[in-house]
Amino acid sequence: MGSLLNVTGLTVRYPTRFGTFTAIEGLDLSLEPGEIHGLVGESGAGKSTIGAAIIGLIQSPGYIAAGDVKLHGESLRSLSDAAYHKLRGAKISMIFQDPQTSLNPLLTIEDQLVETIRQHSDASYGDARERAIELLKETGLQDAEARLGEYPHQFSGGMRQRVVIALALCTNPDLIIADEPTTALDVAIQKQILALIRQLAQDRGVGFILITHDIGVIAEITDSVSVLRNGKLVEEGKTAQVLGEPRHDYTKALMAAVPRLDEKLDRFVNILADEPALATPELQWNVVGASEQFASDWLLKGERPTLADGPVLSVRDLDVTFYADRPFAWGKKQGTRALRDISLDVLPGQVLGVIGESGSGKSTLAKAVVGLVRPTAGSIDFNGAPLPLGRDRPRNHAARRKIQMVFQDPYSSLNNRRTIEEIISEPIRFFKLAKSRAEQRRIVASVLSLVEMPQRAMLKYPHQFSGGQRQRIAVARALVARPEFLICDEPTSALDVSIQAQILNLLKELQARFGLSILFISHDLAVVRQMSDQVAVLKNGQLIETGSAEDFFASPKADYSRQLLQETPSLALIARH
Amino acid sequence: MLSYWRRIRIENELLYLFLHNRVAQVAAVIATVAIFGAFFAPLIASTNPHDLASFDILDSFLPPAWTEDGDTRFLIGTDDQGRDLLSAILYGTRLSLLVGLSSVAFAAVLGTSLGLAAGYLGGRFDAVVMRIADVQLSLPAILTALLVDGVARGILPREQHEDLLLIVLTIAIGLSLWVNFARVARASTFVERNKEYVQAAEIMGQHPVRIMLVAILPNILGPLMVIGTIDLAVAILLEATLSFLGVGVPADQPSLGTLIRIGTEYIFSGEWWIVIFPSMTLILMIISVNILGDFFRTVLNPRLR
């Protein structure tokens, strides 16, 4: 029994036209003042619904079907709407994921803070302003007094999140619900924000409910944790105990799927079963003669690169500058340098992991290699021959087939209006890799088997699949071109951790089998750790460090790399609790 | 079979929302009746108003059948020429819909291809096309139509003019409507062209025309179809207006607009039915097509749902 918050048997239902959907079932939760309680689970587990239920803002037509929420021993369910409205902000506050959208862009932060403070107390404008400055100082904003009159867009992401936290603290709440407070932030900023939350919990005795999908974050700051799956509580307890010695199979599997920073594993083990597999008759639907073996043979049949000594891809002194439109016809061109003096080599059959925070130019590098972006200087050599840059690369250039790309967002990388068969057969048809329609169909079905999808999937449309399944289809599309070189731009950042583990396993498997060379781009050090043989670190368009992955993770040379490594939340932290 | 119907009813987004929207259902019924009536006009109508021999000037200005002086042969009365008004409305709707549909089709093809190319290629082509669109937009639709009609009358010899009247009318109306399609197509293309599936096609080295038509076009059809339904109503109205002004369809083949124009001359002398019934038909048809267009806009745009 927590003395701050007690949730007992909470059940939330959503009536839909497909029948009633139970989002949360029989959830118990308790919280002491000053405690940080983590809610962790994959998408669809009901984490955010719990937050909404506590604060009384469940979206219509959802409703609380059973259970009770007690704050300080007082039931919140019996409150009228008006009383609840008073309570929100006064006793319970919320911090949202995206600081970009949770502040009103048209008001200064002074207006927003003062308005909130005066809404909940009788303070005069002057007093409220004083208080706002104090709060901003407390949340670690430098020059609080001077910056009070600024608008949200004048602050950086991390600073903005500090303002949001100050806004949540305005009314001295007893409980703050933080919904993915650091997901939109870079690791360095994430570290600072988490430290701030920890400190506020200690100094003010505020109880926090921290909703996140990131087990690293949970390990870093929470006292206790609830693991959720499909709206049900799987396991609950002290963080160190739950993450250190998970008892439930699901928690164990979840932990195993988290990429580790301290050692490189051959494959992720103990992967959770995929979402309820397509019904059995679906699995029996086959294209005649299509099989995983056929796909494997077919992919290997293409001309294989003779493993030369030299690098497959070699980038020399690459510069990319983006020019904005000229203000006047005779005005000077304004440019931002997205990449400067980048030199990289990718060795045959190896994976080069490119690490960088947002805005570091990782994606620009990928786009320059595939010819979507025209570099302003430098050269790119592929298999020893220089690649024509940007639009100069002819449409029938051999590299168009040999270099393929897997994109970040599986929801936008597949054309929603075409069937999976049409999507995957596009490269086969375009590069004339099949002699007949029947052969093309057979290849598509086989490659689907290869990426562990039922062959029947080829008849469906992308929206009928989940994110992980879509990413498999995207990998299949890249594979059928028989590439020698694969570029993966954050291929798993939109996916849940267990799905991420499956996709990473798949990529490793394919890489080993077909001897692909891969340029693997990610902001997540642990993922890069698991995938790469070589590592390159980018910051603000400049190359900070390159080297073998083993050396890099054992002893990074550059200060920036060392800092990055330290700031990445890791499961190793559990030991410290 | 029944369970199949039930499943389809629940799973099909469009059908489900349609079955839960009374207004859209009523609109669909009216639009269907109008289209059906127009299509089968020769079978339904008791007389052929285009055939001068089929009506008698002695029957002119007969009020609807249910009034004192009514004649049972003419359910809703006759006009100044003695034409059966019901038959005239059926044939007139047919003409109005024909002109409306073909001019919208013309505008859609012209506007969509220009907008798609402008959105995808960007740069100078985009600037030129959109400036032309701006100029077009600054001219009222009715002026564009009058301009085209006037030019056509000047160029074409008199006898050919009668034959080509419908085509001229279609082009005139189409030219004043293409801007909507171009703007929407361009804006949607801007959104789509930065998506990764388009980049995937570009990386492969596919031809830009193929990327535009095969990859992007199907993804921007939704909003364009909505523009289509709304512009259909606009086109029918425009045709009615032009016919009302006397520059539309030939006088011996009255469209709804012509009928209304004739009717207004007699509104103060007590022959109200000549103007009321064609007007009601036009209003109901336009409103129902507009409601359907709005329904599609709401259904196809998840943000408005």
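Residues numbered from 1 in each chain as written. Chains lettered and ligands numbered in written order. Predicted model: local features only at pLDDT ≥ 70, side-chain atom pairs only at ≥ 80, totals over all residues. Heavy atoms only, no water.

### As for the overall build of chain A
Piece 1. Counting secondary structure elements, chain A contains 22 helices and 20 strands.
Piece 2. For chain A, whose C-alpha radius of gyration is 26 Å, the value lies close to the compact-globule estimate of 25 Å for 577 residues.
Piece 3. If you line up chain A on its principal axes, its C-alpha atoms span 75 × 65 × 50 Å.
Piece 4. Entry remark: accessible area of chain A is about 25100 Å², with carbon and sulfur atoms responsible for 48%. (Helix = DSSP H or I, 4+ residues; strand = E, 2+ residues; numbered from the N terminus. Rg over C-alpha atoms; globule rule 2.2 N^0.38 Å. Areas by Shrake-Rupley, 256 points an atom, 1.4 Å probe, with all protein chains shown as cover.)

### Some details on the overall build of chain B
Piece 1. The secondary structure content of chain B amounts to 12 helices and 0 strands.
Piece 2. Helices (α) and strands (β) of chain B occur, in sequence order from the N terminus, as α-α-α-α-α-α-α-α-α-α-α-α.
Piece 3. Taken across its 305 residues, chain B has 46% of its residues classed as buried.
Piece 4. Contacts spanning at least 24 positions in sequence make up 69% of the contacts within chain B whose residues lie at least 6 apart.
Piece 5. On chain B, roughly 15300 Å² of surface is accessible, and the fraction owed to carbon and sulfur atoms is 67%. (Buried < 20%, exposed > 50% of the residue type's maximum accessible area, 1.4 Å probe, protein only. Contact = heavy atoms within 4.5 Å.)

### Points about the interface of chain A and chain B
Piece 1. Counting residues at the interface gives 25 residues for chain A, matched by 22 residues for chain B.
Piece 2. Taken together, the links from chain A to chain B amount to 1 salt bridge.
Piece 3. Measuring nitrogen to oxygen at the nearest pair gives 2.8 Å for the salt bridge that ties B:Arg210 to A:Glu426.
Piece 4. Between the two partners, chain A and chain B, sit 11 residue pairs in polar contact (both at pLDDT 80 or more).
Piece 5. Looking at the side of chain A that touches chain B, the elements with two or more residues in it are α14 (362-370), β16 (403-406) and α16 (420-430) of chain A.
Piece 6. A total of 4 residues in the side of chain A that touches chain B trace back to one element, the largest contributor, which is α16(A). (Salt bridge = Lys/Arg side-chain N within 4 Å of Asp/Glu carboxyl O. Polar contact = N/O pair within 3.5 Å; in protein donor to acceptor, adjacent residues only side chain to side chain.)

### Observations concerning the sheet that holds strand β3 (residues 36-40) of chain A
Sheet strands pair via backbone hydrogen bonds, and the direction of the pair is either parallel or antiparallel.
All names here are of chain A.
Piece 1. Strand order in the open sheet made by the 6 strands is β6-β7-β8-β3-β9-β10, with mixed pairing throughout. For this open sheet the edge positions go to β6 (92-95) and β10 (232-238), each flanked by a neighbour on one side alone. With direction set aside, neighbouring strand axes in the sheet form an average angle of 15°.
Piece 2. Two elements, strand β7 (residues 175-179) and strand β8 (residues 207-212), share 5 bridges in a ladder whose sense is parallel. Paired with Ala178 across the strands is Leu210, a residue of β8. (Pairing = 2+ DSSP bridges. Axes fitted to C-alpha atoms, helices over the stretch in contact; angles between N-to-C directions.)

### What to know about the side chain of B:Thr93
Piece 1. On the secondary structure map, B:Thr93 appears in helix α5 (residues 85-121).
Piece 2. A relative accessible area of 4% means that B:Thr93 is categorised as buried.

### Notes on empty space enclosed by the protein
Piece 1. Inspection of the entire model under this criterion finds 3 cavities of 30 Å³ or more.
Piece 2. Considering only enclosed or pocket space, the largest cavity measures out at about 170 Å³ in volume.
Piece 3. Looking at the lining of the largest cavity, the elements with two or more residues in it are α16 of chain A together with α9 (196-204) and α10 (208-245) of chain B.
Piece 4. The dominant element in the lining of the largest cavity, judged by the number of residues it contributes, is α9(B), at 4 residues.
Piece 5. Of the residues contributing to the lining of the largest cavity, the split by class is 8 nonpolar, 2 polar and 4 charged.
Piece 6. Of the pockets and cavities examined, the second largest cavity occupies roughly 70 Å³.
Piece 7. In terms of lining, the second largest cavity is formed by A:Gln404, A:Met405, A:Phe407, A:Arg477, A:Ala478, B:Ala200, B:Ile203 and B:Met204. (1 Å grid on protein atoms, 1.4 Å probe; cavity = no way out; pocket = protein on both sides within 12 Å on 5 of 7 lines; lining within 4 Å. Points joined across faces, edges and corners; volume = space filled by probe spheres on them. Nonpolar A, V, L, I, M, F, W, Y, C, P; charged D, E, K, R; others polar.)

### A closer look at α14(A)
Piece 1. Where burial is concerned, most of α14(A) is hidden: 7 out of the 9 residues are buried.
Piece 2. With its phi angle positive at about 95°, A:Gly371 sits one or two positions after the end of α14(A).

### Some thoughts on the packing of aromatic side chains
Piece 1. Overall, the coordinates contain 10 aromatic pairs over all chains when judged by the stated rule.
Piece 2. On the numbers, 5.0 Å between centres and 90° between planes, the contact of A:Phe552 with A:Phe553 is edge-to-face.
Piece 3. Take A:Phe552: its relative accessible area is 3%, and that puts it in the buried class.
Piece 4. Classification of A:Phe553 by relative accessible area gives buried; the value is 11%.
Piece 5. Connected via pairs of aromatic rings, a cluster forms that spans B:Trp66, B:Trp272, B:Trp273 and B:Phe277.
Piece 6. A:Arg442 extends its terminal NZ or CZ atom over the ring of A:Phe294, reaching a point 4.0 Å from the ring centre.
Piece 7. Sitting over the ring of A:Trp298, A:Arg482 keeps its end group 4.1 Å from the ring centre. (Phe/Tyr/Trp six-rings, centres within 6.5 Å; stacked < 30°, edge-to-face > 60°. Lys NZ or Arg CZ within 6 Å of the ring centre and 35° of its normal.)

### What about the domain arrangement of chain A?
All names here are of chain A.
Piece 1. Taken domain by domain, chain A comprises domain 1 (5-236) and domain 2 (280-576).
Piece 2. Placing the centre of domain 1 and that of domain 2 at their C-alpha centroids yields a distance of 37 Å.
Piece 3. Contacts between the two partners involve 12 residues from domain 1, matched on the other side by 14 residues from domain 2.
Piece 4. With both chains or domains summed, domain 1 and domain 2 bury close to 1200 Å², and 55% of this area falls on carbon and sulfur atoms.
Piece 5. When the area that domain 1 buries against domain 2 is broken down by residue, the three leading residues are Glu42, Asp186 and Val187, summing to 41%.
Piece 6. Here domain 1 and domain 2 share 0 salt bridges between them.
Piece 7. Where domain 1 meets domain 2, there are 1 residue pair in polar contact (both at pLDDT 80 or more). (Domains from an automatic or database assignment. Buried area = accessible area lost by both parts, 1.4 Å probe.)

### Observations regarding the confidence of the model for chain A
Residue and element names in this part refer to chain A.
Piece 1. Confidence in the prediction for chain A averages 85 pLDDT; 93% of positions are at 70 or higher.
Piece 2. Within chain A, the element-level pLDDT minimum falls on helix α12 (residues 280-284), averaging 60, and the maximum on strand β13 (residues 351-355), averaging 93.
Piece 3. When the criterion is pLDDT under 50, residues 274-279 qualifies, and its contacts beyond four places in sequence or with other chains add up to 8 contacts. (pLDDT = per-residue confidence, 0-100.)

### Things to note about a negative patch on the surface
Residue and element names in this part refer to chain A.
Piece 1. On the surface, Asp127, Glu130, Glu134 and Glu145 cluster together into a negatively charged patch.
Piece 2. By residue number, the principal contributor to the negative patch is helix α5 (residues 125-138), which donates 3 residues.
Piece 3. The topology assignment puts Glu130 in helix α5.
Piece 4. In this structure Glu130 comes out as partly exposed when scored by relative accessible area, which is 46%. (Patch = residues over 30% accessible without salt bridge, like charges linked within 9 Å, V, L, I, M, F, W, Y side chains within 5 Å. Lys, Arg positive; Asp, Glu negative; His and termini not counted. Charge placed at Lys NZ, Arg CZ, Asp CG, Glu CD.)

### A look at the side chain of A:Thr212
Residues and elements named next belong to chain A.
Piece 1. Within the secondary structure layout, Thr212 lies in strand β8.
Piece 2. Given a relative accessible area of 3%, Thr212 falls into the buried group.
Piece 3. Of note is the side chain of Thr212, whose polar atom sits 3.0 Å from the backbone nitrogen of Asp214.
Piece 4. Those residues in contact with Thr212 that sit more than four places away from it in its chain are Leu39, Val40, Gly41, Lys47, Glu180, Val217 and Ile218.

### Comments concerning the nonpolar core
Piece 1. Counting residues in hydrophobic clusters, the biggest one holds 67 residues, and the most contacted among them are A:Ile424, A:Leu448, A:Val475, A:Leu486, A:Leu507 and A:Phe520.
Piece 2. A total of 9 residues in this core trace back to one element, the largest contributor, which is helix α19 (residues 497-514) of chain A.
Piece 3. Summarising the domain contributions, this core has at least three residues from each of domain 1 (5-236) and domain 2 (280-576) of chain A.
Piece 4. Every residue in contact with A:Phe520, bar those within four places of it in the chain, is listed here: A:Val351, A:Leu352, A:Gly353, A:Val354, A:Cys488, A:Pro491, A:Leu504, A:Leu507, A:Val527 and A:Met531.
Piece 5. Grouped together as the second largest cluster of nonpolar side chains are 62 residues, B:Ala88, B:Met130, B:Leu177 and B:Ala182 included. (Core = buried A, V, L, I, M, F, W, Y, C linked by side-chain atoms within 4.5 Å.)

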